[in-house]
Every structure is written in structure tokens, then in C-alpha cells.
Amino acid sequence: MSVVLETAQLSIGYRTQGASSVVAEGLDLSLSRGELVCLLGANGVGKSTLLRTVTGMQASLSGVVRLDGHPLEEISARERAQKVAVVLTDSIDIGQLRVRNLVSLGRYPYTDWAGRLRQTDTERVAWAIRAVGAADLQDRFVNELSDGERQKVLIARALAQDPTFMALDEPTAFLDYPHRLEIMRLLRDLAWNENRAVLLTTHDLDLAMRMADRLWLLQPDGQLVVGSPEDLVMNGRLQNLFPSAGGVTFDVTSGSFQLAAPRGLPMQVVGDGLAAVWAGRALSRIGVCVTSEQPVATVLAEGESGTARWTVTHGATVQAVSTLADLVNYVRTQVVAKTTRRGDDDGAFG
Amino acid sequence: MNARIAVVVYPGLILILLALFLVSLLMGSVAIAPADVIRIVLGFDVESQVSRTIILQLRLPESVTAVLAGSALAVSGLQMQALFRNPLAGPFVLGINAGASLGVAVVVLGAASGFALFEGVFGTGANSQGLGTVGAAIVGAGSIMGLVLLVSQRIRDNVSLLILGLMFGYGASALVSFLVYFSTAENIQSYMLWSMGSFTAVAPGQLPVLAGVVGLGLALAVGCIKSMNALLLGEDYAQSLGVSIGRSRFCIIVSTALLAGGVTAFCGPVAFLGLAVPHLCRGLLVTADQRVLLPAVILMGGILALFSDIVARVPGADETLPLNSVTALIGAPVVVWVILQRRKMKGMT
């Protein structure tokens, strides 16, 4: 894999009136063709600053950024635009602008002074639109698109620049889960099949874990940790990424953040199939600890999706319910509330 | 769609422009036959020397001024709307015209109020017919634009910038009020006449100057047309496409200062044309491509200015209306229409 982007002792941050505020320093990074890298970090830690610095949109405080082996500041703006393309969070609210024209703007670094498109340019534009699967959108107006469609079109615009390095700032924000997956798959395909280097910032740890070749973790102290998602979980680096928010912990097995389980009331779920699985999920959601050890109550799950029913046995009382909403309601009002009150009195569960 | 623009829209606009141009030459208290008008304009001899003088010395300069001014203001509006990514931007909205007014007020009113320095630089006061007002208006417009841009480096939010532009405009107007307050009635009247706008004040000898200033502004506008397309996406995207933001901003501002400042100097602060024409053209051509819009904006600007001028001269009557009132009456409904269209667009998503 050939290295596209390299940094040496890079310091990023802002310089205002002589004083500079450093966001991160001493960064030695590299990005190669054919890999998808997700840049993760808590809010305000400087992900966008790093992205803007390595794409030449913002000056570094010190250190070097090399693009294809050449220092970024020695490359002309036009040449840089032929190698680096970005998708930003800036809103594109332009009336009367058709998708095809927006994508055509990506050919800016290749056209003459008047911006005339030659045949190679129009072919490239058509290819970019096809590559993101937006062929049916090309005559639509940009401000009529949905968020997911607009994101695809903006990626097509970046692709029309024919970059070796694509950088995207929060490309999956504001999208629902299926669309987030679609965009990530598209970006991975572009990295793998088109042999481009793709760097994106995201908050979506779950998606990054599933799709990224490597993660760049920007820590709150400005340190950057690099590695494959799995290695970073194994060596415990991922856990330190987000400053611990109240009651949220990182689950090493699932690789995702979870609400820390409070000392829940132990209850048992008996049965199999989806009815048992989702009864367990529903009980976990309201803070019940689903376990077979010393349960105070037992839920028997029976039947298939349409005909499922659950029977709660709690001491001498037995209650049958036909929806999980009823189950949750019953457990909260009858089991948890009463058991806790009794627990307060005797100091022990039933 | 491109074929439709090349075959229908552009030739159509050219024909309308030529027709209105002819109509404006035919209008006036002295009746001159259309055939004679065409012969005179094309440089052939006609029997009546009076007709020849009326056409060449009075009517032709006015019509040419209208076309130049309309085109210049419309292009300036297109540039401002692209640069600030704001559909309601225009030379007037951002205070350029107020700046030009201040410049002219300093020359016209200030001379009598004892501003000997300005008198020396820009020529004499109330009876100034030279380049004094042009220079002053360009300096005034350029200063306001420079201020707006200086501030725009610090704030990126367009709405704030627009408000600041308005504030600069108010500031300039306040200074004009001071000058008016300390000035003589004679000078005030000549300033007020200038501020109502008119295409008649340009003498045949001054026409080449106006044409030169507007031509330079238009040439600059053509020169930065490519970056204007990229600027539609916002500065960050434009920069990522290889646009030198500083250079294209500079180019656009100098161009707008020449176009709006030059026209304002010769014709007064002609309102609304700069704001309305780009929207009319976007509606007509259904495109945001500045390269396609620019020729249409130039033609449409000329058309609307000629039309306003013809209306202001009230065909068949001796009275003439203040040009500014006419352009505002035509321009305001266009702006209303644009806002309603935008709401419709939003509603569709």
C-alpha cells in the first residue's frame, strides 16, 4: 500500500493575534491508498481541526504534512485540489442548483479559466454520480434532496475531483441507521475498490468499529492513538477515549458503550426464541438484572411472534401478559416497587 | 437545457433589448420617424440637423447610459449574492450605494461646507460635471466594501455580515445627513436630484468614461466568473477546490466597486435593479451556474433599466418621475416573488 498522507511532529490548533492555542501536538500519522480510517474523539477534542489541517484548509502550528511525499505548502492550490477532496458539514442551500451541476463543480481544478467542461470532465462527473448510486438524482435540485441523498451527492462531488485522498467531516451525522451504513459501505468500497485513501470523522463508534480499517483516536489530552479497531479494544485504549460520562461504561465484549447496570432486581427469563430474547431486553432496559441466580421473580416466555405470551411468577402471584409493554408495566408497578419497599423493611429480598 | 438557453433565451433577450432601445430613442417631445432614428444611429445622413442633434446629443446618451447602468448594477448584484451566499444581497443592501452617496455628498455638499481638501482632489462642488463625482463615488463605495470585507474576515456568519453592511450604510447616511445639515440649499438640491437617480445626467462626452468604468468592471466580473461558481458552495469548499479566496474576493469587490460605484456616481443610487435582476434570470433560466447567468443578467439588467427609464418618462406626458421610485416599484414585487418561491421550495422537501 502506498502512503498518500504523512505527518511529522505536526502541531494543530489556532493562532490568534500572536498567541496560539494548541489542540494536539507531536502527531506522526500516515494514511495509505486503499484504507478507510475513522477519526474518533469526544466533542470539541479537535477532530475537525486535524481534518482541516491535513487537507490544507488550515495552517499547522508547526511540523510537516506531506502529500504524496511533497510538503503541503509547496504544492499549488490547484495541484492540491486534484489530490485532496473534502466533504464538510457546511450546509449547501443553493436554489436552482441541479445535482449534476453541483457534482460538476468538482471538476474545478481541471477546467480552464472560464470553467468549461471538456468531454473527459463530463465523463468523470457521470462516473462519480454512478459510483455513489445517484444516477436517478442527477436532474433533481440539491435543496430538494433528503439528508441521505444530499450526502451521497456531496461525496460524488468530492469524487469528481478524482482525489487520491478524501476527507469527510461527520458524513453520517443526521442520518438514520440504514443510511449511515449505506454511506459507510460506499466509502469503504471507494477506499478498497478505487484504491483511494479515505479519512472521516465520526461520533459513531459502533459503525467505525464495524467498517474502519484503522481508527485514529484523538484523546482529550491531545494524544493520538492509532490502530485497528480490534487491537484498540484488546489493549484497552478505546475505553479511555471518551471522558467517563455519568453511568456510561465501555463493554469490552460488544465493543460499544452501555449504560452501567445498576444493582438491579434479579429476575429470571425462562423459555426460548425471540419471545425470551426480547423479554430479557425489555427487562434490562428498566434496570432489571436478568439472571438465574436467586431470582425474585420468573418470566416464562412462550409462543411465536404473533402469539407470544409471558407469565410472571412472583412469589404467590401469577400474572399473564400478551405484550412486552404490559410486561414492563407489570414488573415496574407490581414486582420492582413492592419488592423494593419490602427490601427497605427487612433489609433483604423476598 | 443548454440548447434552450442558447437558441431561445439569449436571442430573445437581445431582441427585447434592441426593441426597447429603439422605443426609448423614439420617445420624446419632438416626433422623429423611426426610419430616421435608425439612419441617424447607424451613421447615415438625414435631412434634419435638429433631429440628428436630438438623437445623438440627448436620446442616445440616455439610452446607452440606461443599458450600461442596468447591466452594471445587475452584475454587481449577482456578484454580491454569490460572494455572500445571500439571495437578498445586493449593492444597496450592503451599503455600497450609501458609501457612494457619502462620497458624492462630500464632493457636492462638502465643497461649500469648507472641505477644501476634497475640492482640490475631486474638483469643484455643486456645479461639478467632471470626474469628481465618479471618483468620489468609487472611493466611497470601495471604502464601504472594504469595511464590509474586513469585518467578514472576522465573522463568518452571513446574516451578521448583512446586518453590519446595513449598519455601515446607516452610518454613511448619517454622515450625509450631517453634510446636508451644514450645506446650502442650492447644493442640497443638486445632491437630492442626484440621489433620486437619473439616466439623463450623462453628457455625450462623459459616456466613454462611464462605458470604460463599466467595461472594466464587467471584464473583471468575467475574469472571476469561475470562482463565483465555486464560492456558491461556501468559502471552505471553494478553498478545497483550489480557489484563492483572498484573490477572488478582491477581484469581485473591485469589480463591484467599479460597477456600482461608477453607475451610482453618474446616475445616482439606482435602487433594486441589482437585487432583482439576478433573481429574474435564475427564475428564467432555472440554473445557479454563474457562467450561464452572467450574459442573461447583463441583458436583463439593460432591459429592466431601459423599461424603467421609459416608464419614468411617462409616455405622452411632459412630466418625468424619479427613476428610483420606478425601479423600486418594479423591483419590490420581484423580491416578494423570490421570497414566496423560496418558501415553496422549502415546503416541497
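Scoring rules and cut-offs
Along each chain, residues carry numbers from 1 onward, in the same order as the chain's sequence is written. For this description, chains carry letters from A and ligands carry numbers from 1, given in the order in which they are written. Side-chain atom pairs in this predicted model are given and counted only at pLDDT of 80 or more, local residue features only at pLDDT of at least 70, and totals for whole chains, interfaces and linings cover all residues. A run of DSSP states H or I qualifies as a helix once it reaches four residues; a run of E qualifies as a strand once it reaches two. Both are numbered from the N-terminal end. This radius of gyration counts C-alpha atoms alone. The globule rule is 2.2 Å times how many residues there are, raised to the power 0.38. Around each residue's C-beta, the other C-beta atoms within 10 Å are counted; 20 or more make the residue buried, 12 or fewer make it exposed, and counts in between make it partly exposed. All C-beta atoms are placed from the backbone. We call two residues in contact when the distance between their C-beta atoms, placed using the backbone, is within 7 Å. By convention the nonpolar core is taken to be a set of buried residues drawn from Ala, Val, Leu, Ile, Met, Phe, Trp, Tyr and Cys and joined through C-beta atoms within 7 Å. Only strands joined by at least two bridges in the DSSP assignment are considered to pair. Angles here are taken between N-to-C directions and fall from 0 to 180 degrees, while the axes themselves are lines fitted to C-alpha atoms, restricted in helices to the stretch in contact. pLDDT is a residue-level measure of predictor confidence that goes from 0 to 100.

J.: Give a detailed account of the overall build of chain A, specifying residues and quantitative values.
T.: The number of helices and strands found in chain A is 10 helices and 18 strands. Against the globule reference of 20 Å for 350 residues, chain A gives a C-alpha radius of gyration of 26 Å, more extended than a compact globule. Along the longest, intermediate and shortest principal axes, the C-alpha atoms of chain A span 85 × 45 × 40 Å. Residues classed as buried in chain A amount to 39% of the 350 residues present. A separation of at least 24 residues holds for 63% of the contacts in chain A among residues at least 6 apart in sequence.

J.: Which residues make up the nonpolar core, and what are the values?
T.: Counting residues in each nonpolar core, the largest one holds 177 residues, and the members touching the most others are B:Val297 and B:Met300. It is helix α14 (residues 290-312) of chain B that provides the largest number of residues to this core, a total of 14 residues. Those residues in contact with B:Met300 that sit more than four places away from it in its chain are B:Leu13, B:Ala74, B:Val277, B:Leu280 and B:Cys281. Core analysis: the second largest hydrophobic core is formed by 18 residues, A:Ala275, A:Leu283, A:Ala297 and A:Ala301 among them.

J.: Could you give an account of the sheet that holds strand β9 (residues 197-202) of chain A, with specific residues and numbers?
T.: Sheet strands pair by backbone hydrogen bonding; their relative direction is either parallel or antiparallel. Residues and elements named next belong to chain A. One open sheet holds the 6 strands; their spatial order is β7-β8-β9-β4-β10-β11, and the pairing between them is mixed. Because the sheet does not close on itself, it has two edges, and the strands there are β7 (84-87) and β11 (224-227). For this sheet, the mean inter-axis angle between neighbouring strands, taken without regard to orientation, is 15 degrees. With 5 bridges joining them, strand β4 (residues 36-41) and β9 adopt parallel strand pairing. Pairing of Val37 across the sheet is with Leu199, part of β9. Sitting on the sheet, helix α5 (residues 147-160) is in contact with β7 and β8 (165-169), with an inclination near 170 degrees to β7.

J.: Quick rundown of unusual backbone geometry? Include the residues and the values.
T.: You will see that A:Glu170, though not glycine, has its phi angle at about 50 degrees, which is positive. Within the secondary structure layout, A:Glu170 lies in the loop between β8 and α6 (177-193). Unlike most non-glycine residues, B:Arg85 shows phi in positive territory, near 50 degrees. Mapping B:Arg85 onto the fold places it in the loop between α3 (49-83) and α4 (96-108).

J.: Could you give an account of the pairing of strand β1 (residues 3-16) of chain A, naming the residues involved and the relevant values?
T.: All names here are of chain A. For β1 and strand β3 (residues 30-32), the ladder comprises 3 bridges, and the chain directions are antiparallel. Opposite Val3, over in β3, you have Ser32 as the bridge partner. Bridging between β1 and strand β5 (residues 62-67) involves 5 bridges; their strand directions are antiparallel. Paired with Ala8 across the two strands is Val64, which belongs to β5. Strand direction decides the pairing type here: β1 and strand β2 (residues 19-27), joined by 6 bridges, are antiparallel.

J.: Describe helix α1 (residues 47-54) of chain A, with residues and values.
T.: Residue and element names in this part refer to chain A. Of all 8 residues in α1, 6 are buried; the element is thus mostly enclosed. All of the buried residues in α1 are Lys47, Leu50, Leu51, Arg52, Thr53 and Val54. Looking at the residues trailing α1, positive phi occurs at Gly56, about 80 degrees.

J.: Describe the confidence of the model for chain B, with residues and values.
T.: Residue and element names in this part refer to chain B. Looking at chain B as a whole, the pLDDT averages 82, with 87% of positions reaching at least 70. When mean pLDDT is compared element by element in chain B, α14 scores highest at 94, while helix α5 (residues 116-122) scores lowest at 45. Considering only residues more than four positions removed or in separate chains, one finds that residues 113-130, a stretch of pLDDT under 50, has 33 contacts. Listed scores for the predicted complex are pTM 0.82 and ipTM 0.82.

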